[in-house]
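# Fold and geometry: a report
Given next are the chains, with one letter for each unit.
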Amino acid sequence: MTSDAVSAAPSSGGVTYQPVGDGYFEKRQLKRHAGLFTLWMMGVGAVIAGEYSGWNIGLAQGGFGGMLIATAIIGFLYICLCSSIGEMSAALPHTGGAYSFARTALGPWGGFTTGLAENIEFVLAPAANMFFMSAYLSAIFGTPDSWLPLWWVVGYAVMLGLSMRGLELSMRVVVWVTVAAMLVLAFFFLVAIPHIDFARNALNIAPDGTMIEGGNGPWLPFGFTGVMLSLPFAVYMFLAVEQLPLTAEEAKNPTRDMPRALILSIVTLILLALGVLFFGAATLPGAHALGSSGEPLLDGFRHIFGDGWAKLFAAIAVLGLAASFFAGSFASGRNVYSLSRAGYLPTGLSVTSARTQTPNIALAAGSAMALGMLLLVWFLGGKDNVAFMGGFLVSMIVFAGMVSYILQSFSFLRLRTLYPSIARPFVSPFGRFGAYATILICAVTLAYQFLDPLYRWAAVAAAAWYVIGLAYFAFYRRHRLVLSPEEEFAVSGGTRGRPLGE
């Protein structure tokens, strides 16, 4: 790909490529600056808010045992997924991430359907993090629920202001905020040890959903159904780690570092998830109370240190939510940037800053969509049931994530069939089995989302957004694509390298 004008390409797969003028890609440059440690912390930072809030709703759905089994299932899902993505990201180091994998393997329609699912997920994930962060801030400062939208506006304004300084600085902020957030969780695990009363606190949910005084209740109060209904909330403890390949064109050595960072990130997150689940439920206020809490870590600190000290620790804990909010917002911007650069979204969104090479317009567009969705859900009923709003957002995000994971797994399988000899610096140790396992677990999680009487409308809302996006592509954008690097790679049939497994 050069800076010269790109001629219109013939239609392929029902799409048409349009010519672009000289300098099109010069205006859409990203700067390489991220090493392995930065990528690792970005992967953890994108998710760590899920260890602070959102996961705990699964306790109300399945009890401690149900949530524990769900966490184990979803942890295995993400190990398989990250291994598959690691293989694809090393072979196809484009900033499009999942969209570029699917574009090469499944064609332009497959590329857009995958990119759109990630777009919904990455727009809503930081929005949900902002929502949970505002709940913590309201508890700390004693502001009423009616002020929550104000916290959201301030949060997005701060994030966009930081991004204007350049993503290199922004990434550095996320890295150190993530380190601090991990230390806060480790501190909570340590101070919770003397207060553990597992049977009394973790097993205090009855089969009818009420609290059992004195605990010693069943591990699975809602049986196997409870395990299945807990899956979406277990997903929230890991969801968005797959955004890491979106930084491929900002990584110093993506073919070497991206797979390693993905594996390090998911192993770190599994350890943190198990710690949060055990220490959170086994100490006061207990599993039943945490199931409806908007700030579970703050509740834990309150019972250990009292309200005054708890607010101080909670203020520090907000760092975890902030890390995921910033990292998720940047991922949303990169997703919009890559889809825009290739013409799937309006191309003006992918122009980067001449000074910092930051996709500020894409970041602003993703942020506007996120803030708009927060306000829409708020005024449609969230203001009357704040706790329900958190679960509604999580369910929408999980729907989009599951669709994206299924399509990425199909992409992995198809790439192995179409390009068995493409250069693969990293090969998934789980191979095709890992991809099939991912598809199965995701399909089951999706099915139970629609069976959940409490949150099924969230899945329906996400599905409606998805259908509207597909219609936009079908009737308008598919005849306005541009030969971006990942598009050119897909159209040209890829490159041949050493055999699979070498």
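Residues numbered from 1 in each chain as written. Predicted model: local features only at pLDDT ≥ 70, side-chain atom pairs only at ≥ 80, totals over all residues. Heavy atoms only, no water.

## Structural notes on the overall build of the chain
- A count of helical and extended segments in the chain gives 16 helices and zero strands.
- Taken against the 2.2 N^0.38 rule, which gives 23 Å for 502 residues, the C-alpha radius of gyration of the chain at 22 Å falls within 12% of a compact globule.
- Counting every position in the chain, which comprises 502 residues, the buried fraction comes to 62%.
- Carbon and sulfur atoms form 68% of the exposed surface of the chain, whose accessible area is close to 17,400 Å².
- Charge separation in the chain, taken as the distance between the mean sites of 27 positive and 25 negative side-chain charges, equals 8 Å. (Helix = DSSP H or I, 4+ residues; strand = E, 2+ residues; numbered from the N terminus. Rg over C-alpha atoms; globule rule 2.2 N^0.38 Å. Buried < 20%, exposed > 50% of the residue type's maximum accessible area, 1.4 Å probe, protein only. Areas by Shrake-Rupley, 256 points an atom, 1.4 Å probe, with all protein chains shown as cover. Lys, Arg positive; Asp, Glu negative; His and termini not counted. Charge placed at Lys NZ, Arg CZ, Asp CG, Glu CD.)

## Some thoughts on the packing of aromatic side chains
- Applying the stated rule across the entire model yields 36 aromatic pairs.
- Taken together, a centroid distance of 5.9 Å and an interplanar angle of 15° make the contact between Phe198 and Phe278 stacked. Here Phe198 is found in helix α6 (residues 198-201), whereas its partner Phe278 is found in helix α8 (residues 254-282), with 80 residues between them in sequence.
- Overall, Phe278 belongs to the partly exposed group, its relative accessible area being 31%.
- Taken together, the ring pairs connect Phe64, Phe187, Phe188, Phe189, Phe198, Trp219, Phe278, Phe279, Phe301 and Phe305 into an aromatic cluster.
- Positioned over the ring face of Tyr476 is Arg480, at 4.0 Å from the centre of the ring. (Phe/Tyr/Trp six-rings, centres within 6.5 Å; stacked < 30°, edge-to-face > 60°. Lys NZ or Arg CZ within 6 Å of the ring centre and 35° of its normal.)

## Here we look at unusual backbone geometry
- Note the cis peptide between Leu284 and Pro285, where omega equals 15°.
- Along the chain, the position of Pro285 falls in the loop between α8 and α9 (287-290).
- One non-glycine residue, Asn216, adopts positive backbone phi at about 60°.
- Within the secondary structure, Asn216 sits in the loop between α6 and α7 (223-235).

## Focus: the side chain of Asn129
- Assignment of secondary structure puts Asn129 in helix α3 (residues 98-141).
- Looking at Asn129, its side chain comes within polar contact range of the side chain of Tyr236, at 2.9 Å.
- Contact partners of Asn129, with chain neighbours within four places excluded, come to Ala49, Tyr236, Leu321, Ser324 and Phe325. (Polar contact = N/O pair within 3.5 Å; in protein donor to acceptor, adjacent residues only side chain to side chain. Contact = heavy atoms within 4.5 Å.)

## Focus on the confidence of the model for the chain
- This prediction gives the chain a mean pLDDT of 88; 94% of its residues lie at or above 70.
- Taking the mean pLDDT of every element in the chain, the minimum, 78, falls on helix α16 (residues 485-491) and the maximum, 97, on α6.
- Segment residues 1-11 is flagged for pLDDT under 50; beyond a separation of four residues in sequence, or across chains, it makes 30 contacts in the model.
- Below a pLDDT of 50 lies the segment residues 495-502, which in the model reaches 24 contacts outside its immediate sequence neighbourhood of four places, other chains included. (pLDDT = per-residue confidence, 0-100.)

## Here we look at the pattern of salt bridges
- This model, assessed by the stated rule, comprises six salt bridges.
- Here Arg416 and Glu87 are joined by a salt bridge, their closest N and O atoms 2.8 Å apart. With Arg416 in helix α13 (residues 386-418) and Glu87 in helix α2 (residues 57-91), this residue pair connects regions lying 329 residues apart in the sequence.
- In this structure Arg416 comes out as buried when scored by relative accessible area, which is 12%.
- Looking at Glu87, the relative accessible area reads 2%, which means it is buried.
- Notably, a salt bridge pairs Asp257 with Arg256, separated by 2.8 Å at the nearest N-O pair.
- Residue Asp257 is classed as buried on the basis of its relative accessible area of 2%. (Salt bridge = Lys/Arg side-chain N within 4 Å of Asp/Glu carboxyl O.)

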